[in-house]
Protein chains: 2
Amino acid sequence: MQRTKIKELLTGAEVGNDVLLKGWVRTKRGNKYVNFIAVTDGSTIQNLQVVADAEKFPEETLKDVTTGASVAITGELVASQGKGQAYEVIAKTIEVLGKADPETYPLQKKAHSLEFLREIAHLRFRTNTFGAVFRVRNTLAFAVHKFFNERGFVYMHTPIVTASDAEGAGEMFRVTTLDLDNLPRTDEGKIDFEEDFFGRATNLTVSGQLEGELAAMAFSDIYTFGPTFRAENSNTARHLAEFWMIEPEMAFYDLKMNADLAEDFIRYVIRYAMEQNREDLEFLAQRLQEEDKAKPQQERQEMTLLEKLEFVVSNQFERITYTDAIDILVNSPAYKKKKFQYEVAWGVDLQSEHERYLVEKHFKKPVIVTDYPKDIKSFYMRLNDDGKTVAAMDILAPGIGEIVGGSQREERLELLTQRMDEIGIPTEEMWWYLDTRRYGGCPHAGFGLGFERLVQFVTGMGNIRDVIPFPRTPKNAEF
Amino acid sequence: MQRTKIKELLTGAEVGNDVLLKGWVRTKRGNKYVNFIAVTDGSTIQNLQVVADAEKFPEETLKDVTTGASVAITGELVASQGKGQAYEVIAKTIEVLGKADPETYPLQKKAHSLEFLREIAHLRFRTNTFGAVFRVRNTLAFAVHKFFNERGFVYMHTPIVTASDAEGAGEMFRVTTLDLDNLPRTDEGKIDFEEDFFGRATNLTVSGQLEGELAAMAFSDIYTFGPTFRAENSNTARHLAEFWMIEPEMAFYDLKMNADLAEDFIRYVIRYAMEQNREDLEFLAQRLQEEDKAKPQQERQEMTLLEKLEFVVSNQFERITYTDAIDILVNSPAYKKKKFQYEVAWGVDLQSEHERYLVEKHFKKPVIVTDYPKDIKSFYMRLNDDGKTVAAMDILAPGIGEIVGGSQREERLELLTQRMDEIGIPTEEMWWYLDTRRYGGCPHAGFGLGFERLVQFVTGMGNIRDVIPFPRTPKNAEF
């Protein structure tokens, strides 16, 4: 007999037939006459209830059917008489494939804290919460590819190990095969990176954007979706040392087209997850409401998770310039009551508290802020005609803050090299980047979206470490 | 007017309408009365021919319309009178967005060697060959996700930076933020990795398999698709230091189910590329035939690229045990004529020449070799009842060699730890891996497929550096 997954069994298509299911025991309850075994196989958040006549099975077997054990069970799929499920299986055979000693198995029935589960990240996939989170993550990842594929974008694998620093900022991880106990030295006593694997000093990439631009100058529209790295010692709920980023780059796009695409993209992937993972999201919404109950009234969410997602997919994002954003902030009650910790003034970057005010208090929806002062943005952003702002955009989401950062790129060779000189980026090393402006350059734009921030937004998980399988953070590279 | 991509214009749907196209000039020819401008925008391998009445446009403008320049052109889409294209555009306006000085632009009309193009990898996307290769790569990547998504597999992002060595072999890149000029030392004078970013020594992953197994024990079926690394000093046409790997892992699978899945998978993604990228593959097939003409008769391919792909998708792969493979080799004419350079004997690993003999001479189709001697395979492979072989499988493809390596995994804790002890893999550090055998373990299997090898197989490109955007190899991390 071939195994059927629980998601399929629960459609009831095979009702009346004998079926084979395989999975892990979530709970067992019952009495000396009958056992009710809830089995999960990860295909859905729902368990399948197996009814086992205790007289039919050796006590030895049923004793091993404990939380976490893996089982293969055959039986008839029938409409359930009990509450809580539409179908159940009346067991004919039960085989325990792998036991899980109740004395030592860490995941017992009781709810565990997210902190504890992080320490057993190899087992947390088996909980309802993380099962739901990673099924949603999977759906979002697929939606990313589907969105771009439908629009003719070419997926580019930009390099992970790189000799360049895309942002001109951001601390990087060194990648080396040099023997650290016996470092080769040049005549001047410096470390001789010519002896290193790549013949030069190399790092882990902080962004695939610059390489993405090269490909956009041939395929018109490309995107990356790969890991990026920051060696920043930030031990917060918002930062990871290793995270996945999506970076589309489009030839012949201006800032408005860029913002339109980003907005369409975010709506599309959220809608797709809402269609594909309804049950998971309902569970996560409920989880969030439970969590909220422990908080003081004013910190609780105004909308449930599903209401928030519905709101985002059915409303246009607000669009304002940085200059207008500063005006709003300076004229806000919060500012007048001196509630902001950080300075608000034209030319100073927006802090998290300011972004949250704009998104959560003022507009109550995602906001696209554009045209930032050039001095607080990257060298490759296109200078506006005012000479003091650049065609940048950040998308700010409720509860998350910045979820997208993008810009129209400076395609004018002279202005670009002038800016690089100003802030000390060596133009010789970037010959290949500048070639795209020398040969057939054109107006183009792109953005970057941190995938984990998106997963957080959709799942409502508060800590970024809970939306990536094995988080990498300062002092932590376990598993 | 909104821009239309050339792929869409060439369907003719907009014939009779005025259209706006944007892209790059491939060639310009003509006389003082009329110019024929071939424009590409990367959406298809086909160019769009633009007909420009020389009298209508300033000489200044047409002078800048050179190979590589980026242009925006409006005009009427009409059925073409000339040979070679069904539709063309009669230009009304021509704007040169970015020039490409013919004196210095490296990509002129003449054919360039693949070696030369590798040195300008930032521009090679603009050639017919690399345009086709990377469009096919994109399609294959999408097909990977589509295949697994349709089967309910969960996509897992396993960590890139890791403190473990999945294979127990394979040279690794060190990842560090320690100041190499001032390395912290312990009291015993050793480098103090507790001071490093992650509080321990870390490397770039060689495989996501072990982490994948953890997730399969919750979701049943998962896959990874991410970058992996080898710090091997192999300067060959088959090796990269950074490459992308696909690693599915399935609970409740045995070796046969594993092989079935791998075979279905390979056929599926190739068929998908044949449907989606017909023109690109026809071009690459022709390219290969041209290349073949320069070779001696006996080195030429027996089938064209498309014939080969058609053959693979419509024929079952051959399946033999390692023991049978050795028999075939020992009884082969090649062996008797001492044509093999390396030893053929039970217990010795198959070399490339042996694999090629089996695939290209003996069976003339892809071959799945199973049940290798345990001593030449990894510790995590399941010991067969004979006590001397393991449930391993390699899939060998014509012209490429090993394209898939996989196995049923050893789920029996005792046998697994015994094997780890035998070959000196520390079981304490791998507590999390062994936990999957302690708690609800079950028979399971998986495989790894090198994505670039697959792209090579489908595109017919002989050098692996020509199927990844920016290859990373010894002494080379340019771009």
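Please refer to the structure placed before this passage.
Let me sum up the structure you'll find in this document. (Residues numbered from 1 in each chain as written. Chains lettered and ligands numbered in written order. Predicted model: local features only at pLDDT ≥ 70, side-chain atom pairs only at ≥ 80, totals over all residues. Heavy atoms only, no water.)

1. Quick look at the interface of chain B and chain A
Step number 1: Listed as interface residues are 111 residues of chain B and, on the opposing side, 111 residues of chain A.
Step number 2: Buried area between chain B and chain A, summed over both chains or domains, comes out near 8800 Å², and the portion from carbon and sulfur atoms is 63%.
Step number 3: At the boundary of chain B and chain A, one finds 6 salt bridges.
Step number 4: The shortest N-O distance in the salt bridge between E478(B) and R200(A) comes to 3.7 Å. (Contact = heavy atoms within 4.5 Å. Buried area = accessible area lost by both parts, 1.4 Å probe. Salt bridge = Lys/Arg side-chain N within 4 Å of Asp/Glu carboxyl O.)

2. Brief notes about the relation of the copies chain B and chain A
Step number 1: The two copies are related by a screw operation: chain B maps onto chain A through 180 degrees of rotation and 0.0 Å of translation along the axis, at an RMSD of 0.0 Å. Given the turn and translation reported, the copies of this chain are related as if by a two-fold rotation axis. No C-alpha of chain B approaches the rotation axis more nearly than that of V175(B), which lies at 2.4 Å.
Step number 2: When you check the interface residues of chain B against chain A, 100% turn up at the interface there too, and the contact is symmetric in its surfaces. (Least-squares fit on C-alpha atoms with pLDDT ≥ 70 in both.)

3. Observations regarding the pairing of strand β3 (residues 48-53) of chain A
Residues and elements named next belong to chain A.
Step number 1: Of all 6 residues in β3, 5 are buried, a share of seventy percent or more.
Step number 2: As judged from the 6 bridges shared by strand β2 (residues 34-40) and β3, these two strands associate in the antiparallel manner. Directly across from N35, in β3, lies its bridge partner A52.
Step number 3: Relative to strand β5 (residues 87-98), β3 runs parallel, the two sharing 3 bridges. Counterpart to V50 in the pairing with β5 is V89. (Buried < 20%, exposed > 50% of the residue type's maximum accessible area, 1.4 Å probe, protein only. Helix = DSSP H or I, 4+ residues; strand = E, 2+ residues; numbered from the N terminus. Pairing = 2+ DSSP bridges.)

4. Here we look at the sheet that holds strand β11 (residues 242-251) of chain B
Residue and element names in this part refer to chain B.
Step number 1: With mixed pairing, the 8 strands of this open sheet are ordered in space as β6-β10-β11-β16-β15-β14-β13-β12. The open sheet terminates on both sides in strands that have one partner only, identified here as β6 (154-155) and β12 (318-321).
Step number 2: Where strand β13 (residues 367-373) and strand β14 (residues 389-397) come together, 6 bridges link them in antiparallel fashion. Its bridge partner lying in β14, V367 is registered against L396.

5. Some thoughts on the environment of A231(A)
Step number 1: Here A231(A) lies in the loop between β10 (221-229) and β11 (242-251).
Step number 2: A231(A) gets classed as buried once you look at its relative accessible area, which sits at 7%.
Step number 3: Sequence separation between A231(A) and G170(A) is 61 residues, and the spatial gap between their C-alpha atoms is 7.5 Å.
Step number 4: In this structure A231(A) touches E171(A), M172(A), F173(A), T177(B) and F197(B), once residues within four positions along its chain are discounted.

6. Regarding the packing of aromatic side chains
Working definition: an aromatic ring pair is given by the centre-to-centre distance plus the angle between the planes.
Step number 1: One pass over the structure, following the stated rule, counts 59 aromatic pairs over all chains.
Step number 2: Between the aromatic rings of Y155(A) and Y223(A), the centroid separation amounts to 5.0 Å while the plane-to-plane angle is 20 degrees, which identifies the pairing as stacked. Placement of Y155(A) in strand β6 (residues 154-155) and of Y223(A) in strand β10 is noted, with a sequence separation of 68 residues between them.
Step number 3: Ring geometry for F148(B) versus F153(B): centroids 5.0 Å apart, planes at 50 degrees, classification tilted. (Phe/Tyr/Trp six-rings, centres within 6.5 Å; stacked < 30°, edge-to-face > 60°.)

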